[in-house]
Amino acid sequence: ARPCAASSAARASSSPPRFTRDESPLKASLADRLAFAAAIADDSSPSIPTPAPTASQPQTSSRPQPQPQSQSQRTHGQKPMSVLIVDDDVVNVKILKRAFVKNGDDVTTGEDGQDVVRLLLNESKRYDVVLLDENMRHMNGSAAVEETRRHEASAGDDPDGGERWSQLVVATTGNAAMSDKSKYQKAGFNGVLQKPMKLSTLVRWVHDFHAFWRATGGGKWTPGDPVPAGCVAPTISDASAHEDGYFIGDLEVFGTKLRREK
């Protein structure tokens, strides 16, 4: 296993915003969303109010809650990443892009799964990580990832003898039931970030996952294996959809053995 680079530290504001995806039952009003977009342009850090949970969306969550880290506990020095953000919600794209750009990352954006196919397959672009929404207008995220994995499989080994890494892709969605996660994993997603997301920790968890994924040879790690030096230790939890899955912060990393629903 390769050693991880130094843990990343997102340069977030002291009062980071939260946002809610329209596909979730927790919807912000149009006025709130427009106000949030205007505030982004002013470089302020507003917070979209989250309505009270409905009967179908209880307040309690089975996701593990990571312990917050103070600024002094974070290690600076993580190399900037190249990030592709694809979502058909322009507000979500602006929010995510702003968070990663503030951290010094190089960000490309798209609004449909067709943009993923165009960039990764037709233009042979590569990114450290792709953050991909599921429900989009012309091509959904799962279809785009399936196309990407088929292309990678047909490409075979690197003709120059180097390592050929599969593209790291994380779903960003409010639809994260067990059946949804199973679908994402089968399509070829590496993990999922469930909306709404905390911008105060989002960038750090994505950086930490990328470092861990690279240090373990493209995610070749299962619970019980030693953690590479310098890496953030994954959280093992029954909340994972897979018996061999794990969490890095709020980011759920998929395994291969689907956990049976109780």
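It should be noted that the structure appears before, not after, this text.
All values reported here derive from a predicted model rather than from experimental measurement.

Some points on the environment of Asp128
Point 1. Topologically, Asp128 is positioned in the loop between helix H3 (113-122) and strand E4 (129-132).
Point 2. Judged by its relative accessible area of 25%, Asp128 falls in the partly exposed class.
Point 3. The spacing of Asp128 and Ser82 is 46 residues in sequence and 5.2 Å in space, taken between C-alpha atoms.
Point 4. With residues near it in sequence (within four places) discarded, Asp128 still touches Pro80, Met81, Ser82, Gln167, Leu168 and His210.
Point 5. Polar side-chain contacts of Asp128 include one of 2.9 Å to the backbone nitrogen of Ser82.
Point 6. Of the polar contacts made by the side chain of Asp128, one reaches the side chain of His210; its length is 3.5 Å.

Describing the pairing of strand E2 (residues 82-86)
Point 1. Within E2, 5 of the 5 residues are buried, which leaves it mostly tucked inside the rest of the structure.
Point 2. Here E2 shows no split at all, with Ser82, Leu84 and Val86 on one side and Val83 and Ile85 on the other all buried.
Point 3. In the sheet, E2 pairs with strand E3 (residues 106-110) via 5 bridges, with the strands oriented parallel. Directly across from Ser82, in E3, lies its bridge partner Asp106.
Point 4. Remark: the E2/helix H2 (residues 90-102)/E3 crossover connection has right-handed handedness.
Point 5. Note that E2 and E4 share 4 bridges and pair parallel. Looking across to E4, one finds that Ile85 is bridged to Leu131.

The rules behind each value
- Residues numbered from 1 in each chain as written.
- Predicted model: local features only at pLDDT ≥ 70, side-chain atom pairs only at ≥ 80, totals over all residues.
- Heavy atoms only, no water.
- Helix = DSSP H or I, 4+ residues; strand = E, 2+ residues; numbered from the N terminus.
- Buried < 20%, exposed > 50% of the residue type's maximum accessible area, 1.4 Å probe, protein only.
- Contact = heavy atoms within 4.5 Å.
- Polar contact = N/O pair within 3.5 Å; in protein donor to acceptor, adjacent residues only side chain to side chain.
- Pairing = 2+ DSSP bridges.
- Right-handed = clockwise from strand over helix to strand, strands pointing away.

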